[in-house]
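Residue-level listing of the chains:
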Amino acid sequence: MIESTGLTLATTNSLDELCHTLRQYQATLSKDLPHDEQDAWARFPFREVMNAFHAIGKHFVPTVLLDELEQVQQALRVASDGEQGPLGQRLDLFLSTLLDKHQDRYDYLSYTGIKLLIDSFPSKLSEYSSCRSIRVQHLLLLLADVALYECRTLLGQETRFPDQLTSLRNRKLRVFNSLKAIDTYRRFTEQPVWSSSLASITDEWAATVRLDQPFPNALGERTVTALESLLAQGDAEFRQLIDLTILPVWTIHDEYLFLRILQIFEMMFNVAIRGFEVGQQALLDRTPAVAVPVIDDLTDFFAASNAIFRVMTTITKENFSTFRVYTDGASAIQSEQYKQIEAMAAHPMRARLNSAAFTSTPAIKKAYETKAFAVFQDLIAAYEEPDEALSGLCASLGGFDRAFVSWKKMHYQIAVKMLGAQRGTGNTPGTPYLKQYMSAPLFPFLSPSNNS
């Protein structure tokens with residue numbers, strides 16, 4: 001467990017009151033939970049707990065509060081008697097996210113809260129188009145949340161994470177780039193609806209940023225209204241999870257955006273995995289042409305990620321360097337979905353499989369070694385007489401490969417801007433590691449020059 005830093009919440013009374021509330025909640029679990037798991041979820045003091053974590057950052061939450069939360073989690077598991085339903089599992093997972101540092105489980109997955117966002121809305125059995133539509137809706141809601149948070153900050157309506165505010169121009173640019181990214185990705189889904197007023201507002205933001213004008217409050221107010229309307233179209237459960245997965249380690253302003261960008265990338269990886277599953281099934285069914293439009297769509301989806309990276313460029317190196325010292329143990333190298341994409345494409349070289357890349361994601365390494373998922377390299381090699389349909393799918397996979405490598409190169413450039421020569425979060429090699437693999441193709445077997 002982490003040691004207490006001596007920091008406290010705003011007042012001792014507020015901390016005592018919250019601990020008392022949690023003890024009262026815990027006392028009701030044994031009699032109520034077996035009968036009404038939904039009520040147990042609804043009665044949990046989410047707002048009070050989140051306010052406590054936001055006041056000083058996850059890294060500095062007092063041990064007394066963490067102990068009370070741990071007691072709640074234990075009571076939840078006892079009351080469930082090993083048979084948690086969806087909401088019980090979700091509440092347990094939320095508590096695990098809060099307690100990751102306290103219980104020495106802190107990593108990239110708990111830092112980003114990505115399992116709450118992904119596992120709460122399973123899409124593996126969905127059609128690709130349905131999966132992509134759902135995840136793009138989630139991606140758009142995350143972007144809208146970023147723009148709304150920054151807009152409220154500019155209006156003086158936001159009190160969370162006030163430290164080291166980046167420049168006024170940079171925050172305006174962040175709102176504008178977020179709106180542009182929403183406009184870029186809205187074509188991949190029919191919901192939520194992009195209103196004409198929000199499109200007009202984006203143009204006004206462009207002029208404001210370009211001319212470096214003072215922040216116009218009237219534009220900010222209209223933007224808040226439009227974004228709130230956009231968010232209101234989203235699934236209510238997911239909107240709540242958006243609120244519950246913003247748990248920065250400290251109170252540095254830019255960490256809000258950093259967390260949201262990581263969550264957005266994980267949404268993209270989730271879509272890629274589903275697209276790969278469709279492609280692999282088509283190969284098994286000997287109908288490779290069926291997967292071509294899916295892989296082509298996936299390529300288009302990743303090619304649009306320039307818009308996301310433009311939002312990310314507004315994070316300053318100084319602010320990132322300030323909060324990253326408390327993210328030790330959490331690194332994007334631990335992204336399980338990213339590694340699954342790589343392992344589903346082609347067999348990793350032995351050195352790669354035994355490197356930090358895969359030892360950092362032991363669940364995916366084990367899944368690969370036990371053949372829990374298929375590998376494109378094997379499925380394509382199984383075709384004794386390649387035909388035109390297979391060639392078409394291989395061409396599509398090559399197109400996605402180029403889009404994915406382009407994504408890696410943009411990621412590397414941003415990392416250099418934010419990290420420089422420093423080691424990566426979690427004491428990983430940082431930018432030299434990214435540079436080593438940024439041009440490596442997903443499907444090296446498709447190009448003879450990569451097999452020499």
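Criteria and thresholds
Residues numbered from 1 in each chain as written. Predicted model: local features only at pLDDT ≥ 70, side-chain atom pairs only at ≥ 80, totals over all residues. Heavy atoms only, no water. Helix = DSSP H or I, 4+ residues; strand = E, 2+ residues; numbered from the N terminus. Buried < 20%, exposed > 50% of the residue type's maximum accessible area, 1.4 Å probe, protein only. Contact = heavy atoms within 4.5 Å. Areas by Shrake-Rupley, 256 points an atom, 1.4 Å probe, with all protein chains shown as cover. Lys, Arg positive; Asp, Glu negative; His and termini not counted. Charge placed at Lys NZ, Arg CZ, Asp CG, Glu CD. Core = buried A, V, L, I, M, F, W, Y, C linked by side-chain atoms within 4.5 Å. Expected span 1.5 Å × (residues − 1). Salt bridge = Lys/Arg side-chain N within 4 Å of Asp/Glu carboxyl O.

Enquirer: Looking at this structure, I do not really get the overall build of the protein chain. What am I missing?
Expert: Helix and strand counts for the protein chain stand at 23 helices and 0 strands. C-alpha atoms of the protein chain, sized along the principal axes, occupy 75 × 60 × 45 Å. Classification of the 452 residues of the protein chain by burial places 57% in the buried group. Long-range contacts, defined here as pairs at least 24 residues apart, represent 79% of the contacts in the protein chain between residues at least 6 apart. For the protein chain, the accessible area works out to roughly 19400 Å², and carbon and sulfur atoms hold 51% of it. One finds the centroid of the 43 positive side-chain charges in the protein chain at a distance of 6 Å from the centroid of its 52 negative side-chain charges.

Enquirer: Please clarify how unusual backbone geometry should be interpreted in this entry.
Expert: Note: most peptide bonds trans; most residues except glycine with negative phi. Its identity as a non-glycine residue notwithstanding, Asp104 has a phi of 55°, on the positive side. Looking at the secondary structure, you find Asp104 in the loop between helix H5 (86-98) and helix H6 (108-112). At Gln164, a residue that is not glycine, the phi angle is positive and equals roughly 55°. Checked against the element boundaries, Gln164 lands in the loop between helix H8 (128-154) and helix H9 (168-185).

Enquirer: Teacher, can you tell me more about the nonpolar core here?
Expert: Side chains of nonpolar character tend, in soluble globular proteins, to be buried together. Core analysis: the biggest nonpolar cluster contains 149 residues, and Phe44 and Phe302 have the highest contact counts within it. The element contributing the most residues to this core is helix H13 (residues 254-284), with 18 residues. Discounting residues that sit within four places of it in the chain, Phe302 has contacts with Met268, Phe269, Ala272, Phe400, Ala403, Phe404 and Trp407.

Enquirer: Even after reading the chapter, I still don't get the environment of Thr225, so can you show me in this structure?
Expert: If you trace the backbone, Thr225 turns up in helix H11 (residues 217-232). Considering only alpha carbons, one finds Thr225 and Leu148, 77 residues apart in sequence, at a separation of 9.1 Å.

Enquirer: Could you clarify how one ought to interpret H5 in this entry?
Expert: In an α-helix, one turn spans 3.6 residues, which is why side chains three or four residues apart end up on the same side. The end-to-end C-alpha distance of H5, which contains 13 residues, comes to 19 Å, matching closely the 18 Å that a straight helix rising 1.5 Å per residue would cover. With 10 of 13 residues buried, H5 lies mostly within the body of the structure. Among all positions of H5, only Leu87, Gly88, Arg90, Leu91, Asp92, Phe94, Leu95, Ser96, Thr97 and Leu98 are buried.

Enquirer: When you look at the environment of Glu70 in this model, what are you seeing that I'm missing?
Expert: Locating Glu70 in the fold gives a position in helix H4 (residues 63-80). When the C-alpha positions of Glu70 and Ser96 are compared, they lie 8.6 Å apart, and in sequence the two are 26 residues distant.

Enquirer: Would you mind going over the pattern of salt bridges with me for this structure?
Expert: Side chains that differ in sign of charge can pair as their charged atoms come close. One pass over the full model with this rule turns up 17 salt bridges. A salt bridge links Asp300 to Arg187, with the nearest nitrogen and oxygen atoms 2.8 Å apart. You can see Asp300 sitting in helix H14 (residues 292-303) and its partner Arg187 sitting in the loop between H9 and helix H10 (196-211), a full 113 residues away along the chain. For Asp300, a relative accessible area of 32% gives the class partly exposed. Taken together, the shared-partner salt bridges in this structure form one network comprising Glu150, Arg174 and Asp254.

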